[in-house]
Amino acid sequence: MAKNLMINCASCDARNVRDENYANYEKISINCSTLLTNPEAKTIMSKLPFEINCASILDLPEGVELRSINGRSEIRSSDIPATTPYYLLVNGSLDIGSDTQKQLESCVGMRVNGSLNCPQSLYSNLKDAKINGSVNVYPDGAILLKRNAVVDKTFVLRAKKALYWSAKRMIMVDPELDVEKLRDKGARFSSKEIILAQSKAESLLDLIDEKSDIIIVPDGCAVILDDLDLDEMALRRYGKQLYIIGDVSIHGDPEVLDEISYLTIRGDARVTPELKEKFLEKLSGISGEIKEYKAKGSYLTDKVLVKINKWILDQHPKGIEVSDCAMVKIAKDVPQELIAERLHIEDCAVVKCSPEQEAAVSLIAEDIGKISTKEEKDEGQVLGEKLTSELGGIKGLLDTKVINAADYAL
């Protein structure tokens, strides 16, 4: 029999642990997000060689079922009510529908690592609710839509006599949106903010909850919920009137800006020095900062990993700017002088370089989370160290029983 036991799981139920099942192990490692225990289980585990690494511990009495959900979950009034007590663990978002009192009667508690959407009348009556994230309380009887809900001509076909609610925003800019049909069907709307096309605004206002923030954009304006490189391809896709909820990069053909007739940015903008004046002329509004690119050559943005070597910098005599990237790796073959002359790094999380390059990197880097000069280890060395530390090397691997599972019960 193996001497050691290693259990890797999302949730581990230790409430029914028995000492005779684990007494022969010299070491028992549990790596989990949530550990379920009770007083009896704690007593037994304290006598055994358990090593536990977990984010949270839940004390639940025996007989309470754990319902663990990873991702988005919904409790509906049409769900069959539980006949036994249960605890709800959600790693994601939880939507609680209206008229779900019966479905929640047997719920002795819940932990939501994410967001919770709950009817106003039920929220104060939730039992032992712990929410590690946002809580959105909505009016009773409302129909829940996506966080960024689009109300267009297709939406009208399925509309009902009801209040529609979105936790974040609704977008109503479709030129073919039939407001009169929405009115005839009795649809109403509520959200933190609602974006309206100018020609539809007046006719829609009485259908919208007064607490909602109203944003009016020109007819034909595209609402973009993402970061954007403002180039010819973007104009072909979205048009010449843009309302962008995200960051914007402008470093291409100046004629692109000439074509734009409306531009609002809810985020930061990064622009080349030669385009900044024209950009400001076109800009209707911006909520964040306007930053200038430092390099005059090429630009690399929004990458998970960027590798810079001497050949790349030799091909770009005007320089390269790297921005908004997770990691930048600089090869050892790049001399300090070339880094200082042709490279600029900004708003990146980690820059990896050699100790000899560190001074030059510090000179050309702005708003960097960390500059790392540690030598990288090859995969074999990393695996060997992991085996040594966790399992005691190859012999430890042979002596260890490993269990990988989403949920595991001792």
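For the structure itself, consult the block above.
Residues numbered from 1 in each chain as written. Predicted model: local features only at pLDDT ≥ 70, side-chain atom pairs only at ≥ 80, totals over all residues. Heavy atoms only, no water.

A few words now on the overall build of the chain. Across its full length, the chain carries 15 helices and 31 strands. The C-alpha radius of gyration computed for the chain amounts to 28 Å, which surpasses the reference 22 Å derived for 410 residues by more than 25%, pointing to a less compact arrangement than a globule. When the backbone C-alpha atoms are referred to their principal axes, the chain occupies close to 80 × 70 × 25 Å. Looking at the chain as a whole, 43% of its 410 residues qualify as buried. Look at the contacts in the chain between residues 6 or more apart in sequence, and 34% of them connect residues 24 or more apart. When the accessible area of the chain is evaluated, it comes to approximately 21800 Å², of which 49% is carbon and sulfur surface. Averaging the coordinates of the 53 positive side-chain charges in the chain and doing the same for the 66 negative ones gives two points 4 Å apart. (Helix = DSSP H or I, 4+ residues; strand = E, 2+ residues; numbered from the N terminus. Rg over C-alpha atoms; globule rule 2.2 N^0.38 Å. Buried < 20%, exposed > 50% of the residue type's maximum accessible area, 1.4 Å probe, protein only. Contact = heavy atoms within 4.5 Å. Areas by Shrake-Rupley, 256 points an atom, 1.4 Å probe, with all protein chains shown as cover. Lys, Arg positive; Asp, Glu negative; His and termini not counted. Charge placed at Lys NZ, Arg CZ, Asp CG, Glu CD.)

The sheet built from 4 strands is open, its strands ordered 16-18-20-22 with parallel pairing. Each of the sheet's edge strands pairs with one partner strand only, and the pair in question is strand 16 (228-229) and strand 22 (290-292). Direction of pairing for strand 16 relative to strand 18 (residues 248-250): parallel, over a ladder of 2 bridges. Note that in strand 18 the partner of Leu-228 across the bridge is Val-248. (Pairing = 2+ DSSP bridges.)

By the secondary structure assignment, Ile-312 is in helix 11 (residues 310-314). Considered as a pair, Ile-312 and Leu-196 are 116 residues apart in the sequence and their alpha carbons are 46 Å apart. The contact partners of Ile-312, leaving out residues within four places of it in the chain, are Lys-307 and Ile-320.

What follows covers unusual backbone geometry. Glycine aside, a negative phi is what most residues show, and trans is what most peptide bonds show. Phi at Asp-302 takes a positive value of approximately 55°, unusual for a residue other than glycine. Topologically, Asp-302 is positioned in the loop between strand 23 (298-301) and strand 24 (305-308). Assessed through its relative accessible area of 45%, Asp-302 is described here as partly exposed. If you check the backbone angles, Asp-324 has positive phi at about 55° while not being a glycine. Tracing the sequence through the fold places Asp-324 in the loop between strand 25 (320-323) and strand 26 (327-330).

We now examine the packing of aromatic side chains. Under the definition given, this model contains 7 aromatic pairs. Geometrically, the ring pair formed by Tyr-164 and Phe-189 is stacked, given 5.9 Å between the ring centres and 25° between the ring planes. With Tyr-164 in strand 12 (residues 163-172) and Phe-189 in strand 13 (residues 188-197), this residue pair connects regions lying 25 residues apart in the sequence. Assessed through its relative accessible area of 0%, Phe-189 is described here as buried. One aromatic cluster in this structure is built from Tyr-22, Tyr-25 and Phe-50. Over the aromatic face of Tyr-86 sits the side chain of Arg-67, whose NZ or CZ is 4.0 Å from the ring centroid. The ring of Tyr-293 is capped by Arg-270, whose NZ or CZ atom sits 5.7 Å from the centre of that ring. (Phe/Tyr/Trp six-rings, centres within 6.5 Å; stacked < 30°, edge-to-face > 60°. Lys NZ or Arg CZ within 6 Å of the ring centre and 35° of its normal.)

What follows is about a negative patch on the surface. A cluster of acidic residues, Asp-226, Asp-227, Asp-229, Asp-231, Glu-232, Asp-247, Asp-253, Glu-255 and Asp-302, forms a negative patch at the surface. Its place among the elements puts Asp-231 in the loop between strand 16 and helix 8 (232-238). Taking the relative accessible area as the measure of exposure, Asp-231 reaches 32% and is therefore partly exposed. (Patch = residues over 30% accessible without salt bridge, like charges linked within 9 Å, V, L, I, M, F, W, Y side chains within 5 Å. Salt bridge = Lys/Arg side-chain N within 4 Å of Asp/Glu carboxyl O.)

Once that is clear, we can look at the pattern of salt bridges. Any two side chains of opposite charge can pair, on the condition that their charged atoms come close. As enumerated under the stated definition, the model contains 22 salt bridges in all. In this structure, Arg-183 engages Glu-180 in a salt bridge whose closest nitrogen and oxygen atoms are separated by 3.8 Å. Residue Arg-183 and its partner Glu-180 are located together in helix 6 (residues 179-185), separated by 3 residues, close to a single helical turn. Assessed through its relative accessible area of 45%, Glu-180 is described here as partly exposed. One network of salt bridges, in which partners are shared, links Arg-270, Lys-291, Glu-321, Asp-324, Glu-346 and Asp-347.

Take the sheet that holds strand 21 (residues 285-286) next. If you trace the 4 strands from one edge of the open sheet to the other, you get 15-17-19-21, paired in parallel fashion. Each edge of the sheet is formed by a strand with only one pairing partner; in this case those strands are strand 15 (222-224) and strand 21. In terms of strand pairing, strand 19 (residues 262-265) meets strand 21 through 2 bridges, oriented parallel. Across the sheet, the residue bridging to Ile-265 is Ile-286, located in strand 21.

As a further point, take the side chain of Arg-111. Within the secondary structure layout, Arg-111 lies in strand 6 (residues 107-112). In this structure, Arg-111 is buried with no salt-bridge partner, the nearest side chain bearing the opposite charge being Asp-128 at 7.2 Å. If we ignore the near neighbours within four places in the chain, the residues touching Arg-111 are Ser-56, Leu-58, Tyr-87, Leu-88, Leu-89, Val-90, Lys-130 and Asn-132.

The next subject is the state of the cysteines. In this structure the tally under the stated criterion is 0 disulfides. Of the cysteine sulfurs around Cys-12, a residue in no disulfide, the closest is that of Cys-9, at 4.6 Å. Classification of Cys-12 as buried rests on a relative accessible area of 0%. (Disulfide = S-S within 2.5 Å.)

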